[in-house]
Amino acid sequence: MGERWCAVMRVLVLQAAWALAGGQVRYSVPEEAKAGTVVGRLAQDLGLEAGEAEARRLRLVAPGRRASVEVSGASGALLVSSRLDREELCGKSAPCALRLEVLLERPLRVFHVELEVTDINDNAPIFPAARKNLSIAEFTTLPGSRFPLEGASDADIGANAQLSYTLSPSEHFSLDMQKSNERNIEPELVLTKPLDRETISVHRLVLTATDGGRPSLTGTMELVISVLDTNDNAPQFNQSVYKVQLLESAAVGMFVARVNATDADEGINSEVTYAATNFIPPSGKDVISINPNTGEIHLTGHLDFEEVSIYDFRIEATDKGTPPLSGHCKVVLEVVDVNDNAPEVWVTSLSVPVPEDASVGTVVALLSVSDRDSGENGRVRCWVWPASPFGLEATFAGSYSLVLREALDRERVSEYEVEVRAEDGGAPALRASRGLRVPVSDVNDNAPAFAQAVYTVLARENNAAGAELARLWARDPDEAGNGRVSYSVWEGGVGGGGAAASSSSSGVGAGGGWRSASSYVSVDAESGRLWALQPLDYEELQVLQFEVRAVDAGEPPLCGNATVQLFVLDENDNAPALLPPAGSAAEAGAAAAEAAAGAGWGSESGTLWAWAAWGAPAGQVVAKIRAVDADSGYNAWLRYELWEPRGKGPFRVGLYSGEVSTARALDEADGPRQRLLIVVRDHGEPARSATATLSVSLLEAAEAALAAGSSSSSSSSVSRSAVGVELGPGAASAATNVWLVVAICAVSSLFLLAVVLYGASRWAPRAAVLSGPGPTTLVCASEVGSWSYSQRHSRSLCVADGAAKSDLMVFSPNFPPPPPGPAPKDSQPEPSALLDTNADLDGIRCDLFFVLILCHFPL
């Protein structure tokens, strides 16, 4: 036994040549090697560093069978893990090669290892039976007669299965070898000397079979030869070898062939019976049967080309003589392959899920495809369905890689059901398939997108703090954190001065200072609800424009923006307000000019007052109430109502103009003073109002004119007490008529003085002009009660005869016009008044004498 294992270790050329061509490593190991035997240093042969095999999970994949070998995780060596029996693994096939696949991760690689299990002489030759009985007739059997013997079988292969036979010494028999085919040698017993039953009736010989192994093993069979008398003709077959081909799909009971043997003897010695013997392989006795009387051979079992492709057996024809004689022939049954095995598809490795940004060519899975049939029936064609986005690439014979052919988009397809289909080349072709589920993992490749680029939000002013204004929503088709959106207000601000803007938010309104948009509104980070942080005031802010940003939780985060335009809707929250006393020089000058245009007016302890002349006709404007409302639209549209006195009073108020005019002609019965209570209302809902008290003094025409004159001379002081009322031109018209009458009457009495003055100015030396321009007022009263103003000092008076309403214009002709240039804002007359004034100037033809006279009368 020691010598046997020494021979084994010599045969153990463990690190058999391995070829890297095509990525294949080859090793060989003898069968029956002990568990733990090192087959080869796989990690080193693959070019891996120390410890890299365990870090990259070097492992073995053997689809469809038990490998009996394993990879050591620590050393990366290929070890024997269990009993290796070449005869169990491969039978009589030579060489016995196991195809293994070795996987290496990070990155994923596959190597093909071919492990050859070499044969050792561990099986002794075995005869079909321990004893063989032969009957040979004496004398009639001539020397040279041959008697085929059943040869032994050896489960080993190669030299270990090459058998030689020896026969125990005998003077009557010898042994001869016959080649049945290239693989088998069958012994035949040859009679060398006639038998004599009377001398020896039974010959006992030992047939020994020896194999070619080292050390060689032997098997024996005892030959018991009985010597018979008479019947000296053995049956003879018409051919020595019968060859039959049969499809492996042949049905049980099918007729295979018919053999025929004849015997030259007569009578019972010529009757022949048939028997099948010496089956190679021995399993043939379960597949074949022969009719002992007719010699017909039938199929008694199923054929399988993939297990046994050729059956060899002998037919023995025996007569019924005494002793019986036999003849032999050989039958070779070839099994013809049919396409009865579908391809097999194995998934050896699957790397899922696949990131949606995986590059084209990424290996998703490794597959192994095989077909047990041979020839065209075993040639397999593979493809993947659907054809995109995956494809198959052949990496080795029977090995394929499932690779990515097109870019993935998880938002379009989140999971693929892939089917790998295989079809062989048989007729008809057989198919097989293997389904794979390939999920696609998400990456953050989609930014949040709002449903609208611009949101218009309407909110009423005076809303409650914390009120929900709107709900914004941005969609992100990614999943998990990549699709979780948070909202925020992109900081900007609102400035004072009526309008303000920033790069991201702006507002229109009134107020002072720059204010951030986030001081007005806030957005819920999770739900996108837009809240008001404080009550909104339309009078402070009309439009607020800002941006809301939606950011996902991916890495890196992506964002989207939407513009929000918040329009504040006005509420009627402001009551009308009477114009306050003038606080600027412009309003003071305007109020003074209005007072000089007609009867005097003023205010005392919050009461407005004005003058009107008795006898003033109906419709004459006495005053004008001015009020403003901070609201807008209908809420700021004002109407004026006379609250007291009610009934048929002497005055009325314009519903929308606020002009107080006479409702009828004034007379003394109306009393010296009228007190009017005027209510100013807006059109809001509910309406808001303010009240004004106007005291109108009724005077004689002359008194009214004097009051108007005094009012004109003290216009600056009057203007400082203006409280928002305008007076009509009735009193001014009466005063103008009085002064014209006085002027005409004084013409003749002053004519002489005018001549003297003219002569003096004619011949007297010229003197420098001592007077200069001063702050004077140009007043033009129209029938609608509007005024315009001037800043020239009053020096001359001219009366236009053709004016419909005795328009009065005061100007100074002694000074040149002011230099060109923009006049102060508060000194520009209204365009309508200027047009009327220019028309009056063009219509008046006054001589210098009349002008000089009028200059001596104060206005």
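Residues numbered from 1 in each chain as written. Predicted model: local features only at pLDDT ≥ 70, side-chain atom pairs only at ≥ 80, totals over all residues. Heavy atoms only, no water.

### Here's the deal with the overall build of the protein chain
This is how the line gets drawn: In this description a helix means any DSSP run of H or I spanning at least four residues, a strand means any run of E spanning at least two, and both kinds are numbered starting from the N terminus. Categorising residues by exposure relies on relative accessible area from a 1.4 Å probe, with only protein chains included: less than 20% of the type maximum marks a residue as buried, more than 50% marks it as exposed, and the intermediate range marks it as partly exposed. In what follows, residue pairs with any heavy atoms lying within 4.5 Å of each other are defined as contacts. Residue burial considers only the protein chains on display, and all accessible areas are found by Shrake-Rupley using a 1.4 Å probe.
The secondary structure content of the protein chain amounts to 11 helices and 57 strands. For the protein chain, the proportion of its 859 residues judged to be buried stands at 44%. Restricting the contact set of the protein chain to residue pairs at least 6 apart, pairs at least 24 apart contribute 67%. Of the accessible surface of the protein chain, which amounts to about 43,400 Å², a share of 54% is contributed by carbon and sulfur atoms.

### Some points on unusual backbone geometry
The residue after R106, namely P107, is reached through a cis peptide bond having omega -5 degrees. Even without a glycine there, the phi angle at N278 is positive, about 55 degrees. With respect to the secondary-structure elements, N278 resides in strand β19 (residues 272–280).

### A closer look at the pairing of strand β7 (residues 109–118)
What counts, and what does not: Note on pairing: DSSP must find at least two bridges between two strands before they are called paired.
Two strands pair when backbone bridges link them, and strand β6 (residues 97–104) and β7 are joined in this way by 8 bridges, in the antiparallel orientation. Within β7, the position partnered with L98 by the bridge is L115. The hairpin turn running from β6 into β7, its antiparallel successor, is 4 residues long, and R106 in that turn takes a positive phi close to 50 degrees.

### Section: the sheet that holds strand β17 (residues 255–258)
Convention followed: Convention adopted: a line fitted to C-alpha atoms gives each axis, helices being fitted over their contacting stretch, and angles between N-to-C directions are expressed from 0 to 180 degrees.
In spatial order, the strands read β17-β21-β20; together these 3 strands make up an open sheet with antiparallel pairing. The sheet is open, and its two borders are formed by β17 and β20 (288–290), each paired with just one other strand. Across the sheet, the axes of successive neighbouring strands diverge by a mean angle of 25 degrees, strand direction being ignored. Pairing of β17 with strand β21 (residues 296–299), which is carried by 3 bridges, proceeds in the antiparallel orientation. Bridging across to β21, F255 finds its partner in H298.

### Observations regarding the environment of D357
The residue D357 is located in the loop between β25 (354–355) and β26 (363–370) in this model. Relative accessible area serves as the criterion here: at 55%, D357 is assigned to the exposed category. It is 9.2 Å that separates the C-alpha atoms of D357 and R410, two residues lying 53 residues apart in sequence.

### So, the packing of aromatic side chains
A ring pair, where both rings are aromatic, is described by two values, the distance of the centres and the angle of the planes. To be explicit about the condition: Note on aromatic pairs: the rings of Phe, Tyr and Trp (six-membered ring only in Trp) are paired at centre separations within 6.5 Å, and the planes decide the class, stacked below 30 degrees, edge-to-face beyond 60, tilted for the rest.
This model, assessed by the stated rule, comprises 9 aromatic pairs. With a centroid separation of 6.2 Å and an interplanar angle of 50 degrees, the aromatic rings of F237 and Y274 are classed as tilted. With F237 in strand β15 (residues 236–237) and Y274 in strand β19, the pair connects residues that are 37 residues apart, well separated along the chain. The exposure class assigned to F237 is buried, which follows from its relative accessible area of 13%. Residue class for Y274 comes out buried when judged on its relative accessible area of 7%. Taking 5.5 Å as the distance between ring centres and 90 degrees as the angle between the ring planes, the aromatic pair formed by F390 and Y416 counts as edge-to-face. Taken together, the positions of F390 in strand β28 (residues 390–396) and Y416 in strand β30 (residues 415–424) put the pair 26 residues apart, joining distant regions of the chain. In terms of burial, F390 and Y416 fall into one category: buried.

### Some thoughts on the pattern of salt bridges
To keep it simple, the criterion reads: The working definition used for a salt bridge is a side-chain nitrogen of Lys or Arg within 4 Å of a carboxyl oxygen of Asp or Glu.
One pass over the structure, following the stated rule, counts 22 salt bridges. Linking E186 and R314 is a salt bridge whose minimum nitrogen-to-oxygen distance equals 2.1 Å. On the criterion of sequence distance, the pair formed by E186 in strand β12 (residues 185–191) and R314 in strand β22 (residues 310–319) is long-range, its members being 128 residues apart. In this pair, the class of E186 matches that of R314, namely buried. Note that E423 is salt-bridged to R381, the shortest N-O span being 2.9 Å. Residue E423 is located in strand β30, and its partner R381 is located in strand β27 (residues 380–385); the two are separated by 42 residues in the primary sequence. The partly exposed category is assigned to R381, whose relative accessible area is 46%. If you follow the salt bridges from partner to partner, you end up with R410, E411, D442 and E479 in one network.

### Brief notes about the sheet that holds strand β31 (residues 431–441)
Overall, mixed pairing links the 4 strands, which are arranged β25-β31-β30-β27 in an open sheet. For this open sheet the edge positions go to β25 and β27, each flanked by a neighbour on one side alone.

### Concerning the environment of E101
Topologically, E101 is positioned in strand β6. Looking at E101, the relative accessible area reads 6%, which means it is buried. Each C-alpha atom of the pair E101 and V61 lies 5.0 Å from the other, and the pair is 40 residues apart in sequence. Not counting the four nearest positions on each side in its chain, E101 is found in contact with R59, L60, V61, V110, F111, H112, T348, S368 and S399.

### Comments concerning the environment of P617
Relative to the helices and strands, P617 resides in the loop between β47 (607–613) and β48 (621–625). Judged by relative accessible area, P617 falls into the partly exposed class, the value being 47%. Not counting residues within four places of it along the chain, the set of residues in contact with P617 comprises T662, R664 and A665.

### Section: the nonpolar core
Heads up, the rule is: By convention a nonpolar core is built from buried Ala, Val, Leu, Ile, Met, Phe, Trp, Tyr and Cys residues, the set being connected through side-chain atoms within 4.5 Å.
In terms of nonpolar packing, the biggest core is built from 28 residues, with F450, F546 and L566 touching the most fellow members. Residue contributions to this core peak at 5 residues, all from strand β43 (residues 541–552). Ranked by size, the runner-up nonpolar core spans 27 residues in total, among them V259, V287, L299 and V331.

### So, the confidence of the model for the protein chain
Cut-off, in case you're wondering: On a scale of 0 to 100, pLDDT captures the predictor's confidence in every residue.
Mean pLDDT over the protein chain stands at 76; residues scoring 70 or higher make up 74%. Residue range residues 581–605 is modelled with pLDDT below 50. Its contacts to residues more than four positions away, or to other chains, number 72 contacts. A low-confidence stretch, residues 766–859 stays under pLDDT 50, and its non-local contacts, those more than four residues away or across chains, total 137 contacts.

### Brief notes about the side chain of D476
Note the following rule: For this count, His and the chain ends are skipped, Lys and Arg are scored as positive, and Asp and Glu as negative. Identification of polar contacts relies on pairs of N or O atoms within 3.5 Å, with a donor-acceptor requirement for protein atoms, meaning one able to donate a hydrogen and the other able to accept it, and with residues adjacent in sequence counted only if both atoms are side-chain atoms.
The topology assignment puts D476 in the loop between β35 (474–475) and β36 (485–490). Look at D476: it is buried, it has no salt bridge, and the nearest opposite charge is R410 at 7.2 Å. For D476, the side chain forms a polar contact with the main-chain nitrogen of D478, separated by 3.0 Å. If sequence neighbours within four positions are ignored, D476 has contacts with N446, A447, P448, N482, G483, V485 and D552.

### A closer look at the side chain of E31
Mapped onto the secondary structure, E31 falls in the loop between β1 (24–30) and β2 (38–40). Overall, the relative accessible area of 0% leaves E31 in the buried class. A distance of 3.2 Å separates a polar side-chain atom of E31 from the backbone nitrogen of I120. Not counting residues within four places of it along the chain, the set of residues in contact with E31 comprises L84, D85, R86, E87, V117, T118, D119, I120, D122 and D156.

### Topic: the pairing of strand β33 (residues 454–460)
The alternating pattern of β33 places Y455, V457 and A459 on a buried face, while none of V454, T456, L458 and R460, on the opposite face, is buried. The pairing of β33 with strand β44 (residues 559–569) spans 7 bridges and is parallel. From the neighbouring strand, T456 faces β44, where its bridge partner is Q565.

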